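Examining the three-dimensional arrangement
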Amino acid sequence: MAKSALSRVLTAAAASLPLLAAQAAPAAAARATPAAAVPIAQRGPATAPAASPALSDVLPAPVQVSPDAGATFRLGPLTVIRTQPGSPAARAVGDQLARDLRPATGYPLPVLPVAARRVPSISLLLGANDSRLGSEGYRLSVTRSAVTIRANNPAGLFAGSQTLRQLLPVDIDSPAVVRRSWTVPGGSILDYPRFAYRGAMLDEARHFHTPDEIKAYVDEISRFKVNHLHLHLSDDQGWRIQIDSWPKLTAVSGGAGTGVDGEGPGFLTKAQYKDIVAYAAKRYVTIVPEIDMPGHVNAAQVAYPELTCDGVAPPPRTDTEVGYSSLCIGSETTYRFVEDVIRELAAMTPGPYLHIGGDEAHATPEADYVAFQQRVLPLVAEYGKTAYGWNEITKAPASATAVAQYWDTATTNPTVAAAVTRGTKVVMSPANKAYLDMKYDPSTPLGLDWAAYIEVRDAYGWDPATRVTGVGENAILGVEAPLWSETLRSLDDIEFMAFPRLPAIAELGWSPASTHDWASFSARLGAYGPRWTLQGVNFYPSPQINWG
Ligand code: ACM
C-alpha cells in the first residue's frame, strides 16, 4: 500500500505545516506569536471539536489510571515519535503508530531514536524494569511536553500505543486530515493483562474470507489488545489451507461451490498464510491455525475417499448440519494424513499453538475418539507446538499438556474440571456468552441462535474465572470470541457481529476483575462508536448503549 498513501499524507502535511504551526502548543504560540494575531480564517474549516476523552476512557479498562488535570499534552506539527535506540522492534511500533496518527493529523510525525529538547515528543521506551508489567504491560505518562510509554518488551509498547490512540480525540480515526487541536489528557496509566491469551476466531471454512478481510479484522481486534487470531481452516464444507502433500484438499475442497449455500471458491496458499502471520505479528497478534478432526472432515473425505472407512467419497456438503463425518480411526492412512497436515501446518506457523478441533465428533464412537486423541495430541508436541482443541479433547488423558477451549454453555463440566486437576489449561469461549455469531436478539438479520441471544450486556456480564465449577483463575489461559461464518459472507457481516461485543470479551480477558462495571464499560463503549463510524466499521448500534 503504503507508499503512495504515505506520500499523499506527507504532501498534505507539508502543505498545511505553516498553518498548523501557528496552532502549535499554546505556550509556544504565546511566546512566538500572540495568539490573537492568528486570524481565525487561517484556521481552516472548523469542525466542532468532539469531546476529548478522559484518561480513563480506554477499552479495555486499564489496571490503574491517575489523571492530572493540569497537564494536557498537545500533539502538533512538530511532534516527533522517539523510540528506544537500538531496538528495531520498538522502532517498528513507532513507525506503526506514526502511520496510524498521520492520516487524521496530517503531521509528519518523524520517528527518531532521539529527540531535541523542547520538541514535543511521544517516546516508546524499553527497560521499564517493572515486573508488574510482564511481557505485555506498559506505563504511560502524559505531561505538557511529552507522552512516554515504557515497557519491558515491544509488545507492551504496542499495547500502550493502542491506549494512546484512544486518548486522542475521536477524530484521530478520520481517514482524512481534520484541522483541530489534538490533545491527550494528562496523568499516568499503569496497565497489564489479567490473562495471557485474548483471542478472536474467524471461520474460514463455511464462508471463505480473503487475506485482506483477515488483515482488516486483525487491525480491528488488535486495537483492543486481542493478541491471538484463531483461523478455523477446515470443516465439512471446505478446506482452506494449502497442504503440499495432499494437494486435492484445496484443489477439490477449496474450489468453486465449497462454501455454505454453494459459495466459494477460496483457500489460503502457504504464501498468503505466511503473509497474514507476518502482518498479524506486527500488530502483536499470533495466528492460531485449526484443522478440525476427527469430525468435521467431510471436505477432506470428498477430496480423498481413502480417509473414509469404506473408501467411498461422500457427496460434497454445503448445508450447515454438524456431527456426521469422522476420520477412520483404525486406519493408518488417517494417521499419515494427520501427521502430514500437522507437520506442514507447524512449519508455516511460528506461534506456539496448533488447534486440532475435536468438537462434535458425534459420528466417532467415544473409545475411538479417545484413542485418536491419545495418538494425535502428542503428535502436535512432536512438531514443536502446544496442542489446542475444543473442550471435548479433555476426554483423553493426553490433554493434560494441551489447551482446551471451553465452548460448552453449561456451568459444570466434570470432564473439563478433572482435566484441569491434571494440568490442562483452558481458554474460555462459552457459546452463550462469547460466540459472536449468536444473534443479538430475534430481529438480528445475521447469525444463529442455538446457544443464546447475546446482547452486549450478556457478552460482558460474566467472569471467566467463576463461570465453570472447578475451572478457576489459575487454570485459565484466557478468553476467546469465536465467530462462525455459516451466515456471514463479507467483512461488513463480520464487523456487524463482532462489534460491539468483541471489546466486551477483550475487556474480560485484559482488565482486572476489580474494574468490571457495566456502567463504566457501556459509557466507554458508547464513546467509542464514533471511532468505528470514522473507520468505516459496520458495527451494530445496540440499543443498550448510549452512542456518543
Ligand atoms: C463448536 O461450536 N462446535 C466448537
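Quick look at the structure, then.

1. Structural notes on the packing of helix α15 (residues 501-510) against helix α16 (residues 518-535)
If you want to describe how two helices pack, look at the angle between their axes and the distance between the axes. Contact pair α15 / α16: the axes reach a minimum separation of 11 Å and the direction vectors enclose 130 degrees. What the angle tells us is that α15 and α16 run oblique. Read as a crossing pair, α15 and α16 show a hand that is right-handed. Residues Pro503, Ala504 and Glu507 of α15 form the contact with α16, whose participating residues are Phe521, Arg524, Leu525 and Trp532. Its residues assigned to classes, the contact of α15 with α16 shows five nonpolar, no polar and two charged.

2. Examining the state of the cysteines
Applying the stated criterion to the full structure yields one disulfide. What pairs with cysteine 309 in a disulfide is cysteine 328, and their sulfur atoms sit 2.0 Å apart. Measuring the twist about the S-S bond at about 100 degrees, one finds the cysteine 309-cysteine 328 disulfide to be right-handed. Taken as a pair, cysteine 309 in the loop between α8 (298-303) and α9 (332-347) and cysteine 328 in the loop between α8 and α9 lie far apart in primary sequence, 19 residues in all.

3. Here's the deal with the sheet that holds strand β7 (residues 146-150)
Pairing within the open sheet is mixed, and its seven strands lie in the order β1-β9-β6-β7-β5-β3-β4. Since the sheet does not close on itself, it has two edges, and those belong to β1 (64-67) and β4 (111-112), each with one partner. Across five bridges, the pairing between strand β5 (residues 121-125) and β7 is parallel. What sits directly across from serine 123, in β7, is threonine 148.

4. Quick word on the pairing of β7
Counted residue by residue, β7 has four buried out of five residues, so it is predominantly covered. In this structure, strand β6 (residues 138-142) lies alongside β7, joined through four bridges in antiparallel fashion. Counterpart to valine 142 in the pairing with β7 is valine 147. Hairpin connection of β6 to β7: three residues between the antiparallel strands.

5. Concerning empty space enclosed by the protein
Any empty space left between the atoms is revealed when a probe the size of a water molecule rolls over them. A full pass over the atoms with the stated rule returns one cavity of 30 Å³ or more. Within this model, the largest cavity holds a volume of roughly 90 Å³. Taken together, Glu136, Ala155, Phe158, Ala159, Arg198, Ser222, Lys225, Val226, Asn227, Arg283, Tyr284 and Trp510 make up the lining of the largest cavity. Looking at the lining of the largest cavity, the element that brings in the most residues is helix α4 (residues 154-167), giving three residues.

6. Examining the packing of aromatic side chains
Summed over the entire model, instances satisfying the criterion amount to 27 aromatic pairs. When the centroid spacing of 5.1 Å and the interplanar angle of 55 degrees are considered together, the rings of phenylalanine 224 and tyrosine 528 count as tilted. Taken together, the residues phenylalanine 224 in the loop between α5 (211-222) and β11 (228-232) and tyrosine 528 in helix α16 connect sequence positions 304 residues apart. Summarising the burial analysis for this pair, phenylalanine 224 and tyrosine 528 share the class buried.

Here is what the cut-offs are and how they apply
- Residues numbered from 1 in each chain as written.
- Predicted model: local features only at pLDDT ≥ 70, side-chain atom pairs only at ≥ 80, totals over all residues.
- Heavy atoms only, no water.
- Axes fitted to C-alpha atoms, helices over the stretch in contact; angles between N-to-C directions.
- Helix = DSSP H or I, 4+ residues; strand = E, 2+ residues; numbered from the N terminus.
- Parallel < 35°, antiparallel > 145°, perpendicular 65-115°, else oblique.
- Left-handed = near helix turned anticlockwise from the far one by under 90°.
- Contact = heavy atoms within 4.5 Å.
- Nonpolar A, V, L, I, M, F, W, Y, C, P; charged D, E, K, R; others polar.
- Disulfide = S-S within 2.5 Å.
- Pairing = 2+ DSSP bridges.
- Buried < 20%, exposed > 50% of the residue type's maximum accessible area, 1.4 Å probe, protein only.
- 1 Å grid on protein atoms, 1.4 Å probe; cavity = no way out; pocket = protein on both sides within 12 Å on 5 of 7 lines; lining within 4 Å.
- Points joined across faces, edges and corners; volume = space filled by probe spheres on them.
- Phe/Tyr/Trp six-rings, centres within 6.5 Å; stacked < 30°, edge-to-face > 60°.

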